[in-house]
Amino acid sequence: MTLAYLGLGSNLGERLANLQRAVDGLGSTPGISVLAVSAVYETEPVGGPQQPEFLNAVVELETSLTPRELLEVAKRLESEAERERGERWGPRTLDVDVLIVGSEEVDEADLVVPHPRLLERGFVRAPLDDVVKTSALPHDLQEALAATASTPRPGVTPPPHPHPRHERR
Ligand code: GSY
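This structure is a prediction, so every number in the text was calculated from the model and none was measured.

Caption draft 1: Structural context of the layout of surface pockets. As a volume, the second largest pocket reaches approximately 170 Å³. Forming the boundary of the second largest pocket are 13 residues, of which E105, P114, P138, D140 and L141 lie nearest the centre. Tallied by class, residues from the lining of the second largest pocket come to seven nonpolar, three polar and three charged.

Caption draft 2: A look at the site of the ligand. Inspection of the region around the ligand gives twelve residues, with T43, E44, V46, N56 and D97 positioned closest. For the ligand, an oxygen atom lies 2.9 Å from a polar atom in the side chain of N56. Protein coverage of the free-state accessible area of the ligand, which is 360 Å², stands at 96%. Each residue belonging to the shell around the ligand can be placed in one class, and the counts come to five nonpolar, two polar and five charged.

Caption draft 3: Structural view of the environment of N18. On the secondary structure map, N18 appears in helix α1 (residues 15-27). For N18, a relative accessible area of 3% corresponds to the buried category. Along the primary structure N18 and L77 are separated by 59 residues, whereas in three dimensions their C-alpha atoms are 9.8 Å apart. Those residues in contact with N18 that lie beyond four places of it in its chain are S10, L12, G13, T93 and L94.

Caption draft 4: Molecular detail of the pairing of strand β1 (residues 2-10). Counting buried residues along β1, eight of its nine residues qualify, which places the element largely inside the surrounding structure. Relative to strand β4 (residues 54-63), β1 runs antiparallel, the two sharing nine bridges. Within β4, the residue paired with G7 across the bridge is V58. Bridge count between β1 and strand β5 (residues 95-101): six bridges; the pairing is antiparallel. By the bridge assignment for β5, A4 is matched with V101.

Criteria and thresholds
- Residues numbered from 1 in each chain as written.
- Predicted model: local features only at pLDDT ≥ 70, side-chain atom pairs only at ≥ 80, totals over all residues.
- Heavy atoms only, no water.
- 1 Å grid on protein atoms, 1.4 Å probe; cavity = no way out; pocket = protein on both sides within 12 Å on 5 of 7 lines; lining within 4 Å.
- Points joined across faces, edges and corners; volume = space filled by probe spheres on them.
- Nonpolar A, V, L, I, M, F, W, Y, C, P; charged D, E, K, R; others polar.
- Near = heavy atom within 4 Å.
- Polar contact = N/O pair within 3.5 Å; in protein donor to acceptor, adjacent residues only side chain to side chain.
- Areas by Shrake-Rupley, 256 points an atom, 1.4 Å probe, with all protein chains shown as cover.
- Helix = DSSP H or I, 4+ residues; strand = E, 2+ residues; numbered from the N terminus.
- Buried < 20%, exposed > 50% of the residue type's maximum accessible area, 1.4 Å probe, protein only.
- Contact = heavy atoms within 4.5 Å.
- Pairing = 2+ DSSP bridges.

So yeah, pure geometry; function would need other evidence.
Take a look at the structure:
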């Protein structure tokens, strides 16, 4: 079993409910146990056109799935949330990013793990830092997280939102 972290984001529709459905969907996927869910952060959009603010969270998993299988799960959850796939970088009902999968390293056209921008994106770092078990990660990633721990996170508002529910299975 491998410790993994996925990022969740929503800036369209019932944002909190979209995140909760993603947590529930992960929890009921064979090969995945949800260990922890971060608080939910309100975040200013990074990149793309003018669009609504996001809610972002990070989920900690124990999994027997490979990074690519996790990507397939992420895509399924996104399409179940009826993500509107019109404008690239535009508003989305649900976005699920594969951030870290144990010590796995993947560098393919459609999947890079660890996620290449996880260190500097405040909307990823704030919730990731809530739940990440740093000492269980590969040494170079531990060092990179420590070196960027106090980087400013503009546009990230700490949690006024209810915390997503999860049950260990
Ligand atoms: O990469 C995830 C989608 N996304 C987000 C997001 O989740 N939150 C914020 N604040 N900005 C974003 N830009 C993109 S693309």
